[in-house]
Amino acid sequence: MYKRFGSRVLYAGVGMIAGLLILHPYTMIVYALMHLHEAGAGLHLHWSDFALKDLLTFDSAMIPMATAFVLFGGVAGLLAALVIERKKKLLMLEVENERNRIAVETLRELMVTVSHHLLNANAIIGGKVRQCRRLVSDAKALEVLSHIETQGRKIDATIRSLREITEMKTADYTTGGTVTMIDIDEKIREKMSRADGVMS
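About the criteria used
Residues numbered from 1 in each chain as written. Predicted model: local features only at pLDDT ≥ 70, side-chain atom pairs only at ≥ 80, totals over all residues. Heavy atoms only, no water. Helix = DSSP H or I, 4+ residues; strand = E, 2+ residues; numbered from the N terminus. Expected span 1.5 Å × (residues − 1). Buried < 20%, exposed > 50% of the residue type's maximum accessible area, 1.4 Å probe, protein only. Polar contact = N/O pair within 3.5 Å; in protein donor to acceptor, adjacent residues only side chain to side chain. Core = buried A, V, L, I, M, F, W, Y, C linked by side-chain atoms within 4.5 Å. Contact = heavy atoms within 4.5 Å. Patch = residues over 30% accessible without salt bridge, like charges linked within 9 Å, V, L, I, M, F, W, Y side chains within 5 Å. Areas by Shrake-Rupley, 256 points an atom, 1.4 Å probe, with all protein chains shown as cover. Salt bridge = Lys/Arg side-chain N within 4 Å of Asp/Glu carboxyl O. Axes fitted to C-alpha atoms, helices over the stretch in contact; angles between N-to-C directions. Parallel < 35°, antiparallel > 145°, perpendicular 65-115°, else oblique. Left-handed = near helix turned anticlockwise from the far one by under 90°. Nonpolar A, V, L, I, M, F, W, Y, C, P; charged D, E, K, R; others polar.

## Overview of helix 4 (residues 139-163)
Then, number 1: When the terminal C-alpha atoms of helix 4 are compared, their 36 Å separation across 25 residues agrees well with the 36 Å that a helix rising 1.5 Å per residue should span.
Then, number 2: Every buried residue of helix 4 is listed here: Leu145, Glu149, Gly152, Ala157, Ile159, Ser161 and Leu162.
Then, number 3: Its side-chain oxygen placed 3.2 Å from the backbone nitrogen of Lys140, Asp138 serves as the N-cap of helix 4.

## Section: the nonpolar core
Then, number 1: Among the nonpolar cores identified, the biggest contains 9 residues, and these are Leu107, Met111, Leu119, Ala157, Ile159, Leu162, Ile184, Ile188 and Met192.
Then, number 2: Contacts of Met111, omitting those with residues within four sequence positions, involve His116, Ile159, Leu162 and Arg163.

## Some details on the environment of Val9
Then, number 1: Here Val9 shows up in helix 1 (residues 2-33).
Then, number 2: Distance in space between the C-alpha atoms of Val9 and Ala81 is 8.7 Å, their sequence separation being 72 residues.

## Considering a nonpolar patch on the surface
Then, number 1: Residues Ile17, Leu20, Leu21, Ile22, Leu23 and Phe72 make up a contiguous nonpolar surface patch of about 570 Å² in total accessible area.
Then, number 2: If you tally residues by element for the nonpolar patch, the top one is helix 1, at 5 residues.
Then, number 3: Looking at the secondary structure, you find Leu23 in helix 1.
Then, number 4: Looking at Leu23, the relative accessible area reads 31%, which means it is partly exposed.

## Focus on the packing of helix 3 (residues 63-135) against helix 4
Then, number 1: Between helix 3 and helix 4, whose axes approach to 10 Å, the crossing angle comes to 160°. It follows from the interaxial angle that helix 3 and helix 4 lie roughly antiparallel. The interaxial crossing formed by helix 3 with helix 4 has left-handed handedness. Listed contacts from helix 4 to Met111, Ser115, Leu118, Leu119, Asn122, Ile125, Val129, Arg130, Cys132 and Arg133 of helix 3 are Leu142, Leu145, Ser146, Ile148, Glu149, Gly152, Ile155, Asp156, Ile159, Arg160, Leu162 and Arg163.
Then, number 2: Here the contact of helix 3 with helix 4 is composed, by residue class, of 12 nonpolar, 4 polar and 6 charged.

Rendered as structure tokens:
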């Protein structure tokens, strides 16, 4: 915040100096040229018609006009600072959005490859679990098979959730927050609830 304030003050100061040293003298010169008189020998600048020397040497009579140019330059400088700040902010936002887009695209490409192999393996595991259910009747064995099946559905839900990511949202993986992971817990729960509803 202090950096932005300092930048605005700097631009406003530069604008005020430019108003005093550039805009004001330039306007005075234009004003002087408007008083050129046409004579027989051509165009001549008549110093006696206006106080050109006073205008260009910042006479005390010019203080009100010089003040107006200083204020105008200051406002113009401040507006320029605000425009530049806005452009920088938009550029940073655009860069951040581009980074997120690249990250999501990279993740999708990775997940297409990983999911192809994991989902196939998970489907085989699920089929073997169902086959074992038909072959055993022991309660403990069936309970173990049920846990395996549940974790298999979780793997399936995790992979499908990662494939459907449209924005990156992270969560702390460690207590100190030094390592983060993609937060898809809610999506996983939703998909598992749907799967349970279909099975029931």
